[in-house]
Amino acid sequence: MLREDVKLISVDDHIVEPPNVWVDRLPARFQEAGPRIVDQPGHTQAWQFEGELHKLNLLGSPQTRVFRTDGTGEDLYARHYDDMVPGAYDPAARVVAMDEDGVWASINFPTFPRFGGTRFLAAKDKELASACVVAWNDWLIDEWCGTAPKRFVPMTLIQLWDPELAAAEIRRCAAKGSRAVAMIESPSPLGLPSFWSEYWNPVFAAAQETGLVLCMHVGTSGTLPTPAPESAANSDAVPISLCGLNSMMSLADLTFSGLLHRFPGVRIALSEGGSGWVPYLLERMDYTWARTRIGVDRSISPSDIFRRNFWTCFISDRHAIESRHSIGLDKLMWESDYPHNDSEWPNSRKFLAEAVADVPDEEVRQIAETNARNLFNFWD
């Protein structure tokens, strides 16, 4: 059962950046082109960046956003700060929301930069883009996490287009107290060299050296599974239901790529990908590995790489809880996904307690708290 003294840690929540993030921190020469909030018709707002407008958005739940319609149908997203709960964008209000939810600490992915920072990968001016990455990191560590250092686990964006610059930013932010990197799950769909190349060596070397965890959130490759055009055009139910496939692909690709043979100390969290699929994929990878004679390293099995290098994260996954010993009890972490639609806020603790009611207390503590504390070196 989930005891009252367990300090629940969510390893995947989200922030809608407040308007001041880049306005307050970018050098003067970047102010005009840098991200800023502008009002739009119909009670909407947008980020203006490099002269282009990008709708403000929060894919929230009925508890975290106001539902509006423009007459053509209900928008899935909150498009104005007034339509969001303050906990979406204000750190002090977030702490209050976490207290209501029974959550002690939280890791927060970005929204405007996208979950893996790919907004800045697409920027025309890469010097501006790099300044935006640095500004977000300083804001997140100094202001957001600085509001309640024991309640927020600092995360870092990187310059995906320049591995050496990214490695330097990892080291800079590690020195400031960062514990994690918002990393993409698959580079190739974004037009970047794959994990099979040596392109990512500096990034993985810096992660290994500093101990920062590479958090690979589903969708950071820019794609989710869509078996048919109608799957995405008519509903988000299919891609969201299948998003665990992204984490499965990342795990398999990284396992066989050789990157983790070169950097065995790197730690990776497969964020929002679920966990119940792990036993099958490990069995399948080991089976394939044992029968493949070309292009695989024979020194360590895929399942041993998983146990050494990977952790999984789930919101609601009863099968993972039942399979916890097959997955590895130390490989399971819980996430809230606040303030997104998958979140159970303000009843997250209640729902998790029901899901683990028949699990021994110390195993629940491990899943709910200590696995995350150990992985992210976050002890208060």
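Located above this text is the structure these notes cover.
Residues numbered from 1 in each chain as written. Predicted model: local features only at pLDDT ≥ 70, side-chain atom pairs only at ≥ 80, totals over all residues. Heavy atoms only, no water.

Draft legend 1. Representation of the overall build of the protein in the model. Tallying secondary structure elements over the protein gives 16 helices and 12 strands in all. Reported as C-alpha extents along the three principal axes, the dimensions of the protein are approximately 60 × 45 × 45 Å. Of all 380 residues assigned to the protein, the portion counted as buried reaches 55%. The long-range share in the protein, meaning contacts at least 24 apart out of those at least 6 apart in sequence, stands at 72%. Of the roughly 15600 Å² of accessible surface on the protein, a fraction of 53% belongs to carbon and sulfur atoms. (Helix = DSSP H or I, 4+ residues; strand = E, 2+ residues; numbered from the N terminus. Buried < 20%, exposed > 50% of the residue type's maximum accessible area, 1.4 Å probe, protein only. Contact = heavy atoms within 4.5 Å. Areas by Shrake-Rupley, 256 points an atom, 1.4 Å probe, with all protein chains shown as cover.)

Draft legend 2. Local environment of the packing of aromatic side chains. In the structure shown here, the tally under the stated rule is 16 aromatic pairs. Put simply, the rings of W22, W47, F49, F112 and F120 pair up and form one aromatic cluster. One cation-aromatic arrangement involves K7 over W104; the distance from NZ or CZ to the ring centre is 4.3 Å. Here the basic side chain of R151 rests over the ring of W104, its NZ or CZ set 4.2 Å away from the ring centre. (Phe/Tyr/Trp six-rings, centres within 6.5 Å; stacked < 30°, edge-to-face > 60°. Lys NZ or Arg CZ within 6 Å of the ring centre and 35° of its normal.)

Draft legend 3. Local environment of the packing of helix α9 (residues 244-257) against helix α11 (residues 278-291). Two elements in contact, α9 and α11, have axes whose closest approach is 11 Å; the angle formed by their N-to-C orientations is 30°. When the axis of α9 is compared with that of α11, the two are roughly parallel. Crossing angle aside, the handedness with which α9 passes α11 is right-handed. Facing M248, L251, A252, T255 and F256 of α9, the residues of α11 in contact are L281, L282, M285 and W289. For the contact of α9 with α11, a count of residues per class yields eight nonpolar, one polar and no charged. (Axes fitted to C-alpha atoms, helices over the stretch in contact; angles between N-to-C directions. Parallel < 35°, antiparallel > 145°, perpendicular 65-115°, else oblique. Left-handed = near helix turned anticlockwise from the far one by under 90°. Nonpolar A, V, L, I, M, F, W, Y, C, P; charged D, E, K, R; others polar.)

Draft legend 4. Looking closely at helix α15 (residues 348-355). For α15, every residue scored as buried is listed here: S348, R349 and L352. For α15, the arc enclosing every buried residue in end-on projection is 95°, short of the 170-degree limit, so these residues lie on one face. Residues of α15 that are buried in the fold lie against α2 (91-101), β12 (332-334) and α16 (361-376). (Arc of directions from axis to C-beta.)

Draft legend 5. Region of the structure containing the sheet that holds strand β1 (residues 9-14). Pairing within the open sheet is parallel, and its three strands lie in the order β1-β5-β6. Here the strands that pair on one side only, and so sit at the sheet edges, are β1 and β6 (152-153). The pairing of β1 with strand β5 (residues 105-109) spans four bridges and is parallel. Note on β5: the bridge partner recorded for S10 is S106. (Pairing = 2+ DSSP bridges.)

Draft legend 6. Up close: a nonpolar patch on the surface. Nonpolar side chains collect at one region of the surface, where V238, L242, L245 and M249 lie side by side and expose about 310 Å² of accessible area between them. Among the secondary structure elements, L242 is positioned in the loop between α8 (237-241) and α9. We classify L242 as partly exposed; its relative accessible area is 31%. (Patch = residues over 30% accessible without salt bridge, like charges linked within 9 Å, V, L, I, M, F, W, Y side chains within 5 Å. Salt bridge = Lys/Arg side-chain N within 4 Å of Asp/Glu carboxyl O.)

Draft legend 7. Spatial organisation of the environment of W345. Tracing the backbone through its elements, the reader meets W345 in the loop between β12 and α15. Residue classification places W345 among the buried residues on the basis of a relative accessible area of 11%. In this structure the C-alpha to C-alpha distance between W345 and G265, which are 80 residues apart in sequence, comes to 35 Å.

Draft legend 8. Highlighting the packing of helix α4 (residues 126-147) against helix α5 (residues 163-175). Contact pair α4 / α5: the axes reach a minimum separation of 11 Å and the direction vectors enclose 15°. Between α4 and α5, the angle is such that the two are roughly parallel. Considering the relative orientation of α4 and α5, their crossing is right-handed. On α5, the residues that touch S130, V133, V134, N137, D138 and I141 of α4 are L165, E169, R172 and C173. Grouping the amino acids of the contact of α4 with α5 by side-chain chemistry returns five nonpolar, two polar and three charged.

Draft legend 9. Up close: the pairing of strand β8 (residues 180-183). By the alternation rule, side chains of β8 split into A180 and A182 and V181 and M183, which are all buried. Pairing between β8 and strand β9 (residues 213-217): four bridges, direction parallel. Paired with A180 across the strands is V213, a residue of β9. The handedness of the β8 to β9 crossover, carried by helix α6 (residues 201-210), is right-handed. (Right-handed = clockwise from strand over helix to strand, strands pointing away.)

Draft legend 10. Quick look at the side chain of R373. Looking at the element boundaries, R373 is found in helix α16. Residue R373 is classed as buried on the basis of its relative accessible area, which comes to 2%. A distance of 2.8 Å separates a polar atom in the side chain of R373 from a polar atom in the side chain of E369. Every residue in contact with R373, bar those within four places of it in the chain, is listed here: K7, I9, W104, F378, W379 and D380. (Polar contact = N/O pair within 3.5 Å; in protein donor to acceptor, adjacent residues only side chain to side chain.)

Draft legend 11. Structural detail: helix α12 (residues 302-309). Taken as a whole, α12 has its buried residues at P302, S303, I305, F306 and N309. Looking down the long axis of α12, one finds its buried residues gathered within 155° of arc, a one-sided arrangement. On its buried side, α12 packs onto α9, α10 (259-262), β10 (268-271), α11, β11 (310-314) and α14 (324-327).

Honestly, it's all geometry; don't read function into it.
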